[in-house]
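What follows is the residue order along each chain.
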Amino acid sequence: MKDHQRWFRPYSYLLALLVLISGVGFAQNSSGFNPVTDEILLEPADDDWVMWRRTYNAWGYSPLDQINKENVGDLELAWAWSMVDGRQETTPLVYDGVMYLHNQGDTVQALNAATGDLIWEYTRDLPGELATTSSSIVRSMALGYDKLFFVSGDMFLVALDPTSGQVIYETSMGPWEEGFRVTGGPLVINGVVVTGVSGCGGAQPGGCYITGHDADSGEELWRVNTIAEEGTPEGDTWNALPYESRFGSSAWNIGSYDPELDLVYWSTGQPYPWIAEMSGLSPLQEGENNDALYTDTTLAMRPDTGEIVWYHQWLPNDTWDLDYAYEQVLVDLEIDGETVPAIVAVGKLGIVEAIDRRNGDWLWAVETVYQNVVESIDPVTGEKTINMDSFPHIGETTVNCPADPGARTWAATAYSPLTNALYLPMQEFCSDTTPNPLGEGEVYTGGGRATFARRPIPGSDGNMGRVDAINLGDQSEMWSHRMRPANGGSAALTTGGGLVFTGNLGRYFMAFDDTTGEKLWETRLSNLPNGYPISYAVDGEQYIAVPVGHGSGPSTAFAVLTPEIRNPAGGSALYVFKLGN
Amino acid sequence: MAQLEEPQLPQQWFDERSPLSDQQSISICLDSRLPEHDLHERLAQELASALLVDLEIVEVGRERHVEADYEHLYIDLINRCSIYLGFKLYPGAYPEWLDFTRPLYQARFVLITNQEGLSNFGDLAPGSRVGVTQGTDGDIRFLAYNNSLPAASRYHRLPLGQPDIALKALSEGRVDALIIWEPWWQHLAQGQPEYAEFSVINAPLVSEPAVPVGAALYTERTALRSLVDQAIQILTQDGTVQRVIEESSVPAQPAR
């Protein structure tokens, strides 16, 4: 038994129960497809990668160890595949030797994961306006039972037959015309497809939302607005703004799930508009609270009902676009001799923080990159004291570090049980922030206006990118690899071979020794490793796959700071590596 | 040349002819979501006449009616239209790959009410509920003033997301007064007669100076910008802009 599987093992009784009550068929179907059962979702085979971060705990870790520190230098290209051009932030999924790949514009392909041969292709007929937009991207699909799930650019939860690409059903999740979209993707839990919705920038009351759909029928079972309801204690945290004037809280990414606690953890972004004086959250009214729940918050919910069991807000009244809407890494931490089931999360500030995943109690924090927003963190409660010099005001320019794309972005961190360390792809930069007027209804501008002028951090040596390894046992820095190109949008992958894979804006895809940080291998690709690398195996052969492409905000934000780095505007592709003979 | 923070988009999204390839015509994008659409169409016709070229109107007509959609704007300006009419000319507020013509006209934000006895801004008592279309220039002007007041003297600012929501809030008495782009008010009043009964409160801090409105174009099209600027100047000086505005229902004036 590999270390990574240890925390699943005590729940085998629960697995048996789930199998009995889920009513989902487990037998191989007539087309030879072995359904992805609840048991498989709880403990995927080492060879497979069936959901965003491979396992419910969001480690981004593959236990495969054929490729290791000794031989990673022998990696060679196994095959490559041109993807549909456009923005690309995807995660390939692999199950039983078949790779499922989502492309810009909602083209989904099934490929032979060993050879790259196309098995089937599905292309959605999107409204013309969406066919040429970066809105129709998703960071992951999800496999569950006899279906492959994704959310389309026009906001449909689509269930495909993984053997043919035929649509089994599709269910509208909301009006795309209002700006709603899903940039993350689904997570399948006990027969429920849980999905976070973002893009609620059209001044819609209630903000964004998280939904649960019946995996079998597509029926919506529950919906939780990410802005706390009026008339609740949490709802009274909006500086007396009426409900119709509270905007934001996008659920940009995908959550985690603890089967023992039966809690799904999903996190959110900031209020809109970003500038608090515009949103009305500042100045603070007498007798009011302006934390703006549930923005920049982790919600712990029941996956079958959406009931919010507890919540933890990471950054109240976020006026800098410093989302905390990222992966929630579930690890068990030793604290004062006790094993604490924890969530480790990192927002755009690059501060690694841990909370107790049973109740949301704060545990500890450790800083990484230079930032000037949080002055101090209470060592007991985790409450952050804000440096008000960084607080943007109408008519003024303030310096914020990191800049709005963040020290970390949507590109996920990864955890390795071999080292008990979290690996963070990051970047160092600041911005001069000047609030500018918006157009009517443009409560969310996507950073498009010239509100943020990028600049290096104070005393910068010119290196914009870095990969940090943080020991979660004592919160010490194990190593930090610094580099001229920013990370841009390249997630991390850890493996049982003691390796950490990630990339940078210079089109480099690299492998590091997970213990020392020594760079053991790198290759230069045709475009940015702008997605989620994975590892899988077919017939005993281990592969490393990485999608490349362009177009995300972080990857364009450095045009001014590292002008010598020029990359193609198009050219999305998938590269797959294996050991040479 | 220094790099701009431009959208990075695939070439196949730019599959139509360049709007500058034909020197005998000008293609002008019009946005049907804007309340000044009809005025923009008339101004586009006059611009083409002044330039002695044929006019190709490109109706943007998007279904998505929210968000600052810079990606599509970028595609439109590279691919479909020479210029795009209807941008409020706020210095420094747009991406650096956007450039602008000189203003075609100017309009203003207004403070309006449905309450009697409110003629001047000073008639509004401290603590009054002032609705704003959130984040707009009129809102920002008011914000800067309101935040400069001692806390006890401030107005209760109520941010509202969209012009229609804001006018409804005023109509239902949820705010005492409302700051709104005057063309939006007049446009929506055409479908809601009671909105036309609202009156303007004299509030220079909101309304002055008027906001200039021009056309956007891709920043490298300097020669085109120069030609269009000359045409606007001629149309302004010979009274054409004034005439077209008067024939429209848009509350605006030629730019000074």
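Our structure's up above, just so we're on the same page.
The structure contained in this document is the topic of the report that follows. Predicted model only: the values in this text are computed from it and were never measured.

What follows is about the state of the cysteines. One pass over the structure, following the stated rule, counts three disulfides over all chains. One disulfide bridge connects A:Cys200 with A:Cys208, the sulfur atoms lying 2.0 Å from each other. Around the S-S axis, the bridge from A:Cys200 to A:Cys208 shows a dihedral of about -105° and counts as left-handed. Accessibility expressed as a relative area gives 0% for A:Cys208, which makes it buried. A sulfur-sulfur distance of 2.3 Å marks the disulfide that ties B:Cys29 to B:Cys81. On the sign convention where negative is left-handed, the bridge of B:Cys29 and B:Cys81, at about -95° about the S-S bond, is left-handed. With a gap of 52 residues between them, B:Cys29 in strand β1 (residues 25–30) and B:Cys81 in the loop between α2 (70–80) and β3 (83–88) connect regions that are remote in the sequence. Judged by its relative accessible area of 0%, B:Cys29 falls in the buried class. With its bonded cysteines labelled in order along the sequence, chain A shows the pairing 1-2, 3-4.

Now for the sheet that holds strand β7 (residues 129–133) of chain B. Residue and element names in this part refer to chain B. Within the open sheet, the five strands sit side by side as β8-β7-β9-β6-β10. Their pairing is mixed. Taken across any chain shown, the strands that pair with only one partner, and hence form the sheet edges, are β8 (156–160) and β10 (199–201). For this sheet, the mean angle separating the axes of adjacent strands, direction not counted, is 35°. As defined by bridge partners, β7 adjoins strand β9 (residues 177–181) across three bridges and the pair is classed as parallel. The residue bridging Val 130 from the neighbouring strand is Ala 177, located in β9. Contacting β6 (109–113), β7, β8 and β9, helix α3 (residues 137–148) runs over the sheet at an angle of about 140° to β7. This element, helix α5 (residues 182–189), spans β6, β9 and β10 of the sheet and lies at about 100° to β9.

Thresholds, definitions, all that
Residues numbered from 1 in each chain as written. Chains lettered and ligands numbered in written order. Predicted model: local features only at pLDDT ≥ 70, side-chain atom pairs only at ≥ 80, totals over all residues. Heavy atoms only, no water. Disulfide = S-S within 2.5 Å. Buried < 20%, exposed > 50% of the residue type's maximum accessible area, 1.4 Å probe, protein only. Helix = DSSP H or I, 4+ residues; strand = E, 2+ residues; numbered from the N terminus. Pairing = 2+ DSSP bridges. Axes fitted to C-alpha atoms, helices over the stretch in contact; angles between N-to-C directions. Contact = heavy atoms within 4.5 Å.

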